[in-house]
Amino acid sequence: MKYLRPFAVIHTEPVLPLRPYRPLLIASLLLALLVASCSQEKDAFLNRTFHRLTARDNGWFNANEKLNEVVTGIEDAHVDDYDEVLPLFVYGTDEQAKAAIPDLEKCIEKCSTVIDRHSMDIKGKEKNTWIDDAWFVIAKSHFYKRNFYEAERGFAYIGKRFKDQNRQLESQIWTARTAIVLEQYGKAQSALDQVRDLKKIPKDLDLSELDAVYAELNLKRGKIDDAILHLERAAPTAKRKRDRVRWSFILAQLYERKGYEEKAIAQYGRVLKMSPTYEMAFHAQIMQALAFNKGDSKALRQKLNRMLKDQKHVDHFDMIHYALADLDLKERKKEDGMAHLRTSAKVSTTDTRQKAKSFLRLSDIYFEDRNYRSAQQYYDSTSALLSEEHARYDEVDTRARVLGKLVEQLEIIEREDSLQALAGLNEEDLEKKIRSIIRQREKAEEDLRRKEEEARAADVPATAPRPAPGAGGGRGAWYFYDPQQLSRGLASFRKKWGNRPLEDDWRRKDKTVVLAENPEDGGKEDGQEDGKQDGEPAWKDPASYGKDIPRDIEGITASNERVCEALYVSGMIYKEQLKDRENAIESFEVLNNRFDECRYTPESHYQLYRIYLEKEAEGWVDLMGGSGSQTYANIILERWPTSEFARLVRDPNMLQADEVRRQQEENAYRDTYQLYRQYAYGTVISACDRVIQDEPRNHFRSKYHILKALAKGGMRDMAGYRAALMDVKSQYAGTEEAQAADNLLAALDGAGTGSQGAPKPAPAGPVFTLSNEQHSYMIVFPNAGTNMATVKARLSDFARTYMPGTPVEVTNSFLDTERQVVLLQPLPSKALAMEFHSLFTGDKSNLVGINDKGYPAFPITPDNYAILYKSKDLNAYTTFFTQNYLGRQ
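Now for a description of the structure that goes with this document. (Residues numbered from 1 in each chain as written. Predicted model: local features only at pLDDT ≥ 70, side-chain atom pairs only at ≥ 80, totals over all residues. Heavy atoms only, no water.)

A few words on unusual backbone geometry. In this structure, Pro 826 follows Gln 825 across a cis peptide bond, with omega equal to -5°. Residue placement: Pro 826 occurs in strand E5 (residues 819-827). Of note in the backbone geometry, Arg 146 takes a positive phi value of approximately 70° without being a glycine. Inspection of the secondary structure puts Arg 146 in the loop between helix H5 (131-144) and helix H6 (148-161). For Arg 146, a relative accessible area of 29% gives the class partly exposed. (Helix = DSSP H or I, 4+ residues; strand = E, 2+ residues; numbered from the N terminus. Buried < 20%, exposed > 50% of the residue type's maximum accessible area, 1.4 Å probe, protein only.)

Now the structure itself:
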């Protein structure tokens, strides 16, 4: 035992001083382990665990949450158009993408840092299983930035680089989604098929998304049946409730499009049980009614009528009445249906699209019934409300204009007939009739005034509170100086009233009754008689009605000529533009029966001959032994044997040959016009002279005359220029060329020619100035049908190729609602701008479709561009450019 004590002393005494260093030792060991685990090149458990945890929790998680937040915001902000099949996926707009760029760039930056610091690429294989997730967030961020090609590269990289990892197949699906956006449908099909054809599909792969993307691809290709099959699998199994409800609603829409009405009604019912948003639930109920096609509509009517009693639907009462109208029309209750459509338009509060739908439905009904007056009024109202992107906008706008011309002709006929009828009355009966007309007009004016007062009362509450000074979102600016308030007001106006032109009395249908100052009568109001002090309009004065009544043979003859022309023009509108042969026949036959010989009698007989030829070619036979093509052919050959119409009757093929000749003449004229654009004025004048002298029947003869005049102006032959314009004006009176010549002569006179006498007043309009300093090159394109991105790219390439020493920027902006301007700038001098003008107009290979369409194109200084942009007067600048650039050159 005595040896134990020294040993114990020796063992225990050195331990006591080491205790303070034990934590330091442990920390050192942990630090050493941490440093060892930070290595991205060692495939050890500690290294893998460290980098996976850090990659997931530090960078990827925050980036993924931010990305999901951005995507949710885009989906929440989306406003669906229930008149169309809803999009299966919501990707946002260009504006939303621009607003989201800062957040999406943060997502890309965070995940790029994760990849840089935590990637473990060892022997060609990634050992950190969160790196593919980081790449996936980067690719999706590019997608929602609408940088689709970069997104496509990202998804493709994930699919190739991270095989057998959890994001590989999901990236393959997103590759297909990106390809669909880029309209690369073959690539999308291939990507989806690769996922579908796998022998073993991971359990965690969302197959509902795969089916939904297939459905989207089939919809883009117009394969609705295939889309339905995929959606029937996708909708019930979607992981997110939002997707499940949306896809179910779209499936119901597709059933309806294919005519599966019962399936559609049942599917809309399923959507209602899924607790959708208010808008989707409301539209599901409306769509159920619209999908109805046969059977008993009583239950649907009861539901719609209950909805009309619920004030929460007040802003949608117009849709409910439209649905009731649809039920009526399907059950052949036309009058009830039209009444509901009128009510729908009347109760509409904020939804101009629904009002446009109601107007359009009424327009189509009237049009089908050949009630063209009412159809014209409703088409005109529809075109004011309808969006220019609407599938039928062009058709509606065309019908409104065509029917407007038709109604104008019909009103001429009615007016002249009425005046001729008044001419046949004695003085006493005439006075009674005029007073009756005045009373009818007074009643119509009173009704109009009352309706306008009701409309004003409905639109502007009499007790509306006055905003406090400086109010307006805390900005302290007056309303009209606040762009945000202005844009809100404009959006609100358009939502209620549509795209109306800026003009006085914009809500009045008949603007002719508005009193306006007339500068030609010394400031008297329109319609006010000389010496009248009470401001009464002329139409209230019985004496004013007598001035238009034809009192003698000359007056009756002039009136009949106007009726003859209106009958012929209306017949041609029926025949050529409305394809209504029966009304065309009636118009032409009324003309022929009413007038034995008038200006349009031969043409009228020939048009009847052509109409009956078409009917007979379709198998029509007149069993009553009435008129046919041969009847009118005989009349033409007997009464006008040497006329052009007789030649066409003898040789029907001549009309086709004439069309071929016309096409050849048009091509020749285009070639001559291109020479004019290249300043080859001498050659142009020679070509025009040849056609004018040798081809009296050339369809473009009048255009050659005006082109010759312009070429003389280009050569600074001012006397010849004026003489040629006067020649056009006298030879082709009433044509577009004569009007153009008249405008050019007015511009020429306005510029001053040293004529004697009192100086002419300065012409109203923009005043441009000449400068040799910096210019831009300006081209004006129509908004419709112009792919501006392609145009700008081609112009940029052209400028870079042919003017490599002059870097130019290509920009575009809207000139007005129908045109936009492309500017190439800066061009340091006028000489260089004219050099580019020569290159632009002379090119025949690089700018096909741009410089050969006759679009206005010319150099312009920044100051002149500002004046032109404000005035919108392209004709004025074209004249200035011709006189000061081309002439001086």
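More follows now that the structure is in view.
Put plainly, two cysteines are in a disulfide when a covalent bond ties their sulfur atoms together. Inspection of the entire model under this criterion finds one disulfide. Lacking any disulfide linkage, Cys 107 is separated from the closest cysteine sulfur, that of Cys 111, by 6.9 Å. Taking the relative accessible area as the measure of exposure, Cys 111 reaches 0% and is therefore buried. (Disulfide = S-S within 2.5 Å.)

Our next topic: the environment of Asp 873. Topologically, Asp 873 is positioned in the loop between helix H34 (862-871) and helix H35 (874-886). In this structure, the C-alpha to C-alpha distance between Asp 873 and Pro 766, residues 107 residues apart in sequence, is 7.5 Å.

Below, the discussion takes up the sheet that holds strand E6 (residues 857-860). Taking strand neighbours across the sheet as the criterion, the four strands line up as E4-E5-E3-E6 in an open arrangement whose pairing is antiparallel. Looking at which strands have only one partner, the edges of the open sheet turn out to be strand E4 (809-814) and E6. Along the sheet, successive strands turn relative to each other by an average axial angle of 25°, direction set aside. The pairing of strand E3 (residues 775-782) with E6 spans four bridges and is classified as antiparallel. Within E6, the residue paired with Ile 779 across the bridge is Ala 857. Packing of helix H33 (residues 830-842) onto the sheet brings it into contact with E3, E5 and E6, and relative to E3 it is tilted by some 35°. Along the sheet face, H35 touches E3, E5 and E6 and points at about 70° away from the line of E6. (Pairing = 2+ DSSP bridges. Axes fitted to C-alpha atoms, helices over the stretch in contact; angles between N-to-C directions. Contact = heavy atoms within 4.5 Å.)

Quick look at the nonpolar core now. With 140 residues, the main nonpolar core has Tyr 144, Leu 231, Trp 247, Phe 249, Leu 304, Ile 320 and Leu 578 as its most contacted residues. Setting aside its immediate chain neighbours within four residues, Leu 304 contacts Ile 286, Ala 289, Ile 320, Ala 323, Leu 324 and Leu 327. Ile 685, Ile 692, Tyr 704 and Phe 858 belong to the second largest nonpolar core, which has 29 residues in total. (Core = buried A, V, L, I, M, F, W, Y, C linked by side-chain atoms within 4.5 Å.)

Together, Leu 198, Ile 201 and Leu 207 make up a nonpolar patch on the protein surface, roughly 210 Å² of accessible area in all. Within the element layout of this structure, Ile 201 appears in the loop between helix H8 (185-196) and helix H9 (207-220). By relative accessible area, Ile 201 is classed as partly exposed at 30%. (Patch = residues over 30% accessible without salt bridge, like charges linked within 9 Å, V, L, I, M, F, W, Y side chains within 5 Å. Areas by Shrake-Rupley, 256 points an atom, 1.4 Å probe, with all protein chains shown as cover. Salt bridge = Lys/Arg side-chain N within 4 Å of Asp/Glu carboxyl O.)

It is worth spelling out the packing of helix H14 (residues 298-308) against helix H15 (residues 317-330) at this point. The angle between the axes and the distance between the axes are what describe a pair of packed helices. For the pair H14 and H15, interaxial distance at closest approach is 10 Å and the crossing angle is 160°. Taken together, the axis directions place H14 and H15 in an arrangement best described as roughly antiparallel. Read as a crossing pair, H14 and H15 show a hand that is left-handed. In this structure, H14 contributes Leu 300, Arg 301, Leu 304, Asn 305, Met 307 and Leu 308 to the contact, and H15 contributes Phe 317, Ile 320, His 321, Ala 323, Leu 324, Leu 327 and Asp 328. Its residues assigned to classes, the contact of H14 with H15 comprises nine nonpolar, two polar and two charged. (Parallel < 35°, antiparallel > 145°, perpendicular 65-115°, else oblique. Left-handed = near helix turned anticlockwise from the far one by under 90°. Nonpolar A, V, L, I, M, F, W, Y, C, P; charged D, E, K, R; others polar.)

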